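One letter stands for each residue in the lines below.
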Amino acid sequence: MEIAIVEDDPVHSRLLQQYISVWAKAQNRTVHISNYANAAGFLFSLEDRAPDAVFADIQMPGMSGMEMIRKLREKDSKMPVVFTSGLSEYLREGYEVQALHYLIKPISEQKVFECMDRICSRVHTQELFAARTEDGMVRLDLLEANYCEADGHYTRFVMTDRSKIRVMESISDLVEELAGKNFVRCHRSYLCNLDNVKQIVRDNVIFDNGDAVPISRRMYRDVNRKFIEFYRGYQKR
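Residues numbered from 1 in each chain as written. Predicted model: local features only at pLDDT ≥ 70, side-chain atom pairs only at ≥ 80, totals over all residues. Heavy atoms only, no water.

A word on the sheet that holds strand β15 (residues 212-214)
Each strand in a sheet pairs with its neighbour through backbone hydrogen bonds, running either in the same direction (parallel) or in the opposite one (antiparallel).
Here is step 1: Strand order in this open sheet of three strands is β13-β14-β15, and the pairing throughout is antiparallel. Looking at which strands have only one partner, the edges of the open sheet turn out to be β13 (197-200) and β15. Direction aside, neighbouring strands of the sheet carry axes that sit 25° apart on average. (Pairing = 2+ DSSP bridges. Helix = DSSP H or I, 4+ residues; strand = E, 2+ residues; numbered from the N terminus. Axes fitted to C-alpha atoms, helices over the stretch in contact; angles between N-to-C directions.)

Written as structure tokens, this is what we have:
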């Protein structure tokens, strides 16, 4: 597992690294920790390799941690983020950028352990699905797919980065093939991936990256029930 710490105070950075290392040893896990003294260094590092999660101080010289995560969210809507700060006034903003947690300094070992447990429950492995396109067979990572949209006799997978992949199967065929993989039909023309759903409102299913698809009145109750059941099961893992 790769963890990034973005913290301009070396004392807090070392303490956080120490707590994560103790957690890793207790869990018998290998954790590689990268330290960054400012937001610019962290954002530059993403060009080579993204970590599995980031602990970010909010108040830093230059770009703040909150600004840094807003830029991260333009490219990555899924990376778990834990904010650290001496002030609680940024709490609302933290949840606006889907922060996993918000730690108030001084940070306790137990709170860091709890955050690492939650991060582990969020870090996904790939779930590959083979599909036929006009150019041949492709392997899709279903965890990176927000929804499927009917396209005539075929279907488009719309991914979390908003890219689209057209496959040579009907939406009805995919209902059967994706059964048991957290995809549910929310409209005659759409299947949504519960893994990436943020909320369900009266007329739409809204995803973590802000995208939305319609939900039919006839299917609303069933989809809402499955969404609740999915997240109850997720919280128990």
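Next, the rest of the story.
A short note on the packing of helix α1 (residues 10-27) against helix α5 (residues 109-122)
Here is step 1: Here α1 crosses α5 at 60°, and the two axes come no closer than 9 Å. Taken together, α1 and α5 sit at an angle that is classed as oblique. Like other packed secondary-structure pairs, α1 and α5 cross with a definite hand, here right-handed. Here Leu-16, Tyr-19, Ile-20, Val-22, Trp-23 and Gln-27 of α1 lie close against α5, whose contacting residues are Glu-109, Val-112, Phe-113, Met-116, Asp-117 and Cys-120.
Here is step 2: Broken down by class, the residue content of the contact of α1 with α5 amounts to nine nonpolar, one polar and two charged. (Parallel < 35°, antiparallel > 145°, perpendicular 65-115°, else oblique. Left-handed = near helix turned anticlockwise from the far one by under 90°. Contact = heavy atoms within 4.5 Å. Nonpolar A, V, L, I, M, F, W, Y, C, P; charged D, E, K, R; others polar.)

Brief notes about the environment of Ser-64
Here is step 1: Residue position: Ser-64 is located in the loop between β3 (53-57) and α3 (65-75).
Here is step 2: Residue Ser-64 is classed as buried on the basis of its relative accessible area of 17%.
Here is step 3: In this structure, the C-alpha to C-alpha distance between Ser-64 and Ile-206, residues 142 residues apart in sequence, is 28 Å.
Here is step 4: Not counting residues within four places of it along the chain, the set of residues in contact with Ser-64 comprises Ala-39 and Ile-58. (Buried < 20%, exposed > 50% of the residue type's maximum accessible area, 1.4 Å probe, protein only.)

Everything listed is a geometric property; what it means functionally is a separate question.
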